[in-house]
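Descriptive structure summary
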Amino acid sequence: MGTRPGAEPRPAGTPKTVGIVWGLLVLNTLGSAGAKTIVPLPRSLIQMVTMGALVAAFALALAVNLRLRLRAGAFMFLLTLLLVPSVISSAHLESGFGALFRCARLALFVGTLWLLSRWWDGGPTFVRHHIRMYFAVLGSVAAGLVISPGAALPELYGGRLVGALWPLTPPQIGQYAAVITGLTVLLVLGRRTDRAGAALVIVPSLVLLALTHTRTATLGLLIGLALAIGSLILTSAAARRFFTWAVLGAAVAAVGFASALQAWFLRGQSQEHFTSLTGRAKVWDALLAAPRTTTEQVLGMGLGDKSFGGLPIDNSWLAVYHEQGLTGVALVAAIIVVLGGVALLRPPSLSRACAIFLISYCAIASYTEAGLGDASPYLLHLAVAASLLAAPAPAAPLDARRPSTTRPVPARRSEVT
C-alpha cells in the first residue's frame, strides 16, 4: 500500500535528543524569581542559565531536524499568530527594551516547538518526557527540604514549601506536582506503566503538593482527573473502579477530616483575605480601571513581567490583555477552545484522557496564575496535549522499506568526437 503524494513517512523512533530538548525547555520556563535559596544565586546567573537552555534547545532541535520536517496544526498556527501582537506592542517600548528580549525568547520557544512537532504522533512519548523532567525538578525541591528545612519552609511564605536549591515558589511546585501526578495516574489506568513505578512518582509528588498548600493546583488536579477519567469510564473497567474508589475515599475524607481539610484550604487566612483571592482582586480591579488607548486595548502594552503597579497580576487572561491586548486574549481563547474541541471529538483513549486533563488543568489554573501568553510551563502542558491529539503519521511505503534486490544498470557513456 502506498501513501498520499507528499505524505511524511512515519519516523523510525523518537531520538533521545528530543528528550534532552524537552528538558531544556522545562529548564527555561522555571523562571528566575522566587524564594531565597540556600546558596544565593544571582538573578543574572539564573537568567543566563535559563536563556542558554532555550538557545541550546533550539540548536539541538534544529540539529536533529535539519530537513525541517514540521507537522502543521491549529495549535502551532495560533501560537505563531500570538507573536504578531506581542511584537507590534513591544516595538513601542512602553514596557522597555526587556519587551523585545521577551519577544525574541517567545519566538525561539515557538520555533523549538515547531521543530519538535515532527514527532507529535498521538502517542505518550512527550507525556513521559514531561513526567521525567518535572519529577527531576521536584527531586531538587525534596533535596532542598532535606538539606535545609528552614529555607524550604520559610516564614516569609507562611511555612509553605519553596525551592531551596533553585528559586521556586509554592504555586510553581504545586503545579508541577499536580500535573505529573495526574498524568501518572492516567498512565496506570491505561496500563502504560506499572503500579510500583507509578507510586514512586505519585506519593512524593502528593506530599510536596500538600506542603505547598496550593489550592489552585489541588483543584486543577481533582477536576482535571475527574474529567479525564470520566472520558474513559465507558471503555475502561480500570477507570470505573478507580473512579468509584476515589468517590468513596473523598466522601470518607470529607466526613472524617473536614476540619483539617478546611484549615489546610484556608491557610490561616481571614475571610476577607480569602474572598479577595489573597489580594489578587484588588490588582485586577486596578488593571481593568486603568485608562488605555484603542491601540493598547487591541494590542496591549508589550510583553512584561506579568505585573501591574509592581504587583503580580496572577491571572492569565488579564495578563494577556495587559500585554497583548484583546487580540492576544482572542488567540489564547482560540487555542483552548480548539484543543478542547478536538479532544471532545476524538474517540475514548488514553491519549485523549491525558489531553483532557492537561487542557482542563490549564483552563482552571488560568484564573489565578499567569503564563498562557508567553513561554511558560502552561504552554508546554498545552504542547503535550497537542502532541497527544495529533493524528499518527502515515507509515512509510512498503517498497521504501524493502532493500533493493536488483543491481542498478550503469548508464552507457556516450562520446562526442
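Residues numbered from 1 in each chain as written. Predicted model: local features only at pLDDT ≥ 70, side-chain atom pairs only at ≥ 80, totals over all residues. Heavy atoms only, no water.

**Overview of the packing of aromatic side chains**
Taken as a whole and judged by the stated rule, the model has 5 aromatic pairs. Centroid distance Tyr134 to Tyr176: 4.7 Å. Interplanar angle 25°. Geometry classified as stacked. Of this pair, Tyr134 sits in helix H6 (residues 125-147) while Tyr176 sits in helix H8 (residues 170-189), and the two are 42 residues apart along the sequence. In this structure Tyr134 comes out as buried when scored by relative accessible area, which is 0%. Judged by relative accessible area, Tyr176 falls into the buried class, the value being 1%. Taken together, a centroid distance of 5.4 Å and an interplanar angle of 65° make the contact between Trp284 and Tyr367 edge-to-face. Here Trp284, found in helix H14 (residues 280-289), pairs with Tyr367, found in the loop between helix H17 (350-365) and helix H18 (377-389); they are 83 residues apart in sequence, far enough to count as distant. In this structure Tyr367 comes out as partly exposed when scored by relative accessible area, which is 47%. (Phe/Tyr/Trp six-rings, centres within 6.5 Å; stacked < 30°, edge-to-face > 60°. Helix = DSSP H or I, 4+ residues; strand = E, 2+ residues; numbered from the N terminus. Buried < 20%, exposed > 50% of the residue type's maximum accessible area, 1.4 Å probe, protein only.)

**Topic: the pattern of salt bridges**
Pairs may arise between side chains of opposite charge once their charged atoms sit close together. The tally for this structure, following the rule as stated, stands at 3 salt bridges. Between Lys306 and Glu323 there is a salt bridge whose closest N-O contact spans 3.1 Å. Placement of the pair is Lys306 in the loop between helix H15 (294-299) and strand S1 (307-308) and Glu323 in helix H16 (residues 316-345), with a sequence separation of 17 residues. For Glu323, a relative accessible area of 1% gives the class buried. Notably, a salt bridge pairs Lys306 with Asp374, separated by 3.0 Å at the nearest N-O pair. Of this pair, Lys306 sits in the loop between H15 and S1 while Asp374 sits in the loop between H17 and H18, and the two are 68 residues apart along the sequence. Grouping residues by exposure puts Lys306 and Asp374 together as buried. One salt-bridge network, held together by shared partners, links Lys306, Glu323 and Asp374. (Salt bridge = Lys/Arg side-chain N within 4 Å of Asp/Glu carboxyl O.)

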